[in-house]
Amino acid sequence: MSDLLSIGASGVRAYQTALNTVSENIANTGTAGYTRRTTNLGQVTSIGSGINASVATGSNGVTVTGISRSADTFRSLAVRNAGSDLARTETAAAWLGRIETSLTDNKLGDRLTSFFSAAQTLSADPTSVPARSVMLESATSAAAAFTATGKALDTAAADLDTATRQATQTLNLVRHRARQGQ
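Residues numbered from 1 in each chain as written. Predicted model: local features only at pLDDT ≥ 70, side-chain atom pairs only at ≥ 80, totals over all residues. Heavy atoms only, no water.

**Q** Explain unusual backbone geometry to me, please; I cannot follow it from the model alone.
**A** The phi torsion of most residues other than glycine is negative, and most of the peptide bonds are trans. Look at Lys107: it is not a glycine, yet its phi comes out positive at around 50°. Within the fold, Lys107 resides in the loop between helix 2 (73-104) and helix 3 (108-124). Residue classification places Lys107 among the partly exposed residues on the basis of a relative accessible area of 49%. (Helix = DSSP H or I, 4+ residues; strand = E, 2+ residues; numbered from the N terminus. Buried < 20%, exposed > 50% of the residue type's maximum accessible area, 1.4 Å probe, protein only.)

**Q** Honestly, the pattern of salt bridges in this entry has me stumped. Any pointers?
**A** Note on pairing: side chains with opposite charge can pair once their charged atoms come close. Using the criterion set out here, one finds 2 salt bridges in the structure. Arg88 is paired through a salt bridge with Asp85; the nearest N and O atoms lie 2.2 Å apart. Taken together, the residues Arg88 and Asp85, both in helix 2 and 3 residues apart, mark about one turn of the helix. In this structure Asp85 comes out as partly exposed when scored by relative accessible area, which is 38%. Asp159 serves as the salt-bridge partner of Arg98, at 2.4 Å between the closest nitrogen and oxygen. (Salt bridge = Lys/Arg side-chain N within 4 Å of Asp/Glu carboxyl O.)

**Q** In this structure, what is going on with the side chain of Ser102? I would like to understand it.
**A** Here Ser102 shows up in helix 2. In this structure Ser102 comes out as buried when scored by relative accessible area, which is 7%. If near-sequence neighbours (up to four positions away) are discounted, Ser102 is found in contact with Thr149, Ala152, Leu153 and Ala156. (Contact = heavy atoms within 4.5 Å.)

**Q** How should the packing of helix 3 against helix 4 (residues 129-180) be read in this particular structure?
**A** Packed helix pairs are specified by the crossing angle of their axes together with the interaxial distance, meaning the distance between the axes. Interhelical geometry of helix 3 versus helix 4 gives an angle of 155° and a closest axis separation of 8 Å. Classed by the angle they form, the pair helix 3 and helix 4 counts as roughly antiparallel. The handedness of the crossing between helix 3 and helix 4 is left-handed. Counted together, Leu108, Arg111, Leu112, Ser114, Phe115, Ala118, Ala119 and Leu122 of helix 3 and Ala131, Arg132, Val134, Met135, Ser138, Ala139, Ser141, Ala142, Ala145, Phe146 and Thr149 of helix 4 form the full contact between these two elements. Broken down by class, the residue content of the contact of helix 3 with helix 4 amounts to 13 nonpolar, 4 polar and 2 charged. (Axes fitted to C-alpha atoms, helices over the stretch in contact; angles between N-to-C directions. Parallel < 35°, antiparallel > 145°, perpendicular 65-115°, else oblique. Left-handed = near helix turned anticlockwise from the far one by under 90°. Nonpolar A, V, L, I, M, F, W, Y, C, P; charged D, E, K, R; others polar.)

**Q** Please clarify how the side chain of Asn106 should be interpreted in this entry.
**A** Inspection of the secondary structure puts Asn106 in the loop between helix 2 and helix 3. In this structure Asn106 comes out as buried when scored by relative accessible area, which is 18%. A distance of 3.2 Å separates the side chain of Asn106 from the side chain of Thr149, its partner in a polar contact. (Polar contact = N/O pair within 3.5 Å; in protein donor to acceptor, adjacent residues only side chain to side chain.)

Remember that the coordinates give geometry; whether it matters functionally is a separate question.
In structure tokens:
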């Protein structure tokens, strides 16, 4: 026969852990991402002595066998997918913004419009020296805008390559550590 005091003490300890779990659930009710936890309890068994040596007997107290989270795997998968979609979209938006800035900062469109206007003015009076001068200056300005835009796009592409390499190295490192069990 087991000691009734130790059986009672094991029950008190086990239910104290269960009450702590309940209090954490109550305290985190409004916390985003928190999942309700439950305490799993098990019966303490002992192996009988003598003739009943191979028979496990119960009623020797209670023990905490673990604390489990109540989670919906489909919902968790949906949250992970939504998070990865968001990260992918934010990254794409950042790089597309960078490309847009590269295309608009040098005012290439304005300079091309100025060049075509100067060319049209020159075509109306091909012998005009000032119109030729304006058209050549507009052509030089448009060429400089093309060069600057090309350099900005090259820089953005190089930065994207660098960021991709760094992200790949980070993922490989995380994967390697996960395989090592760290």
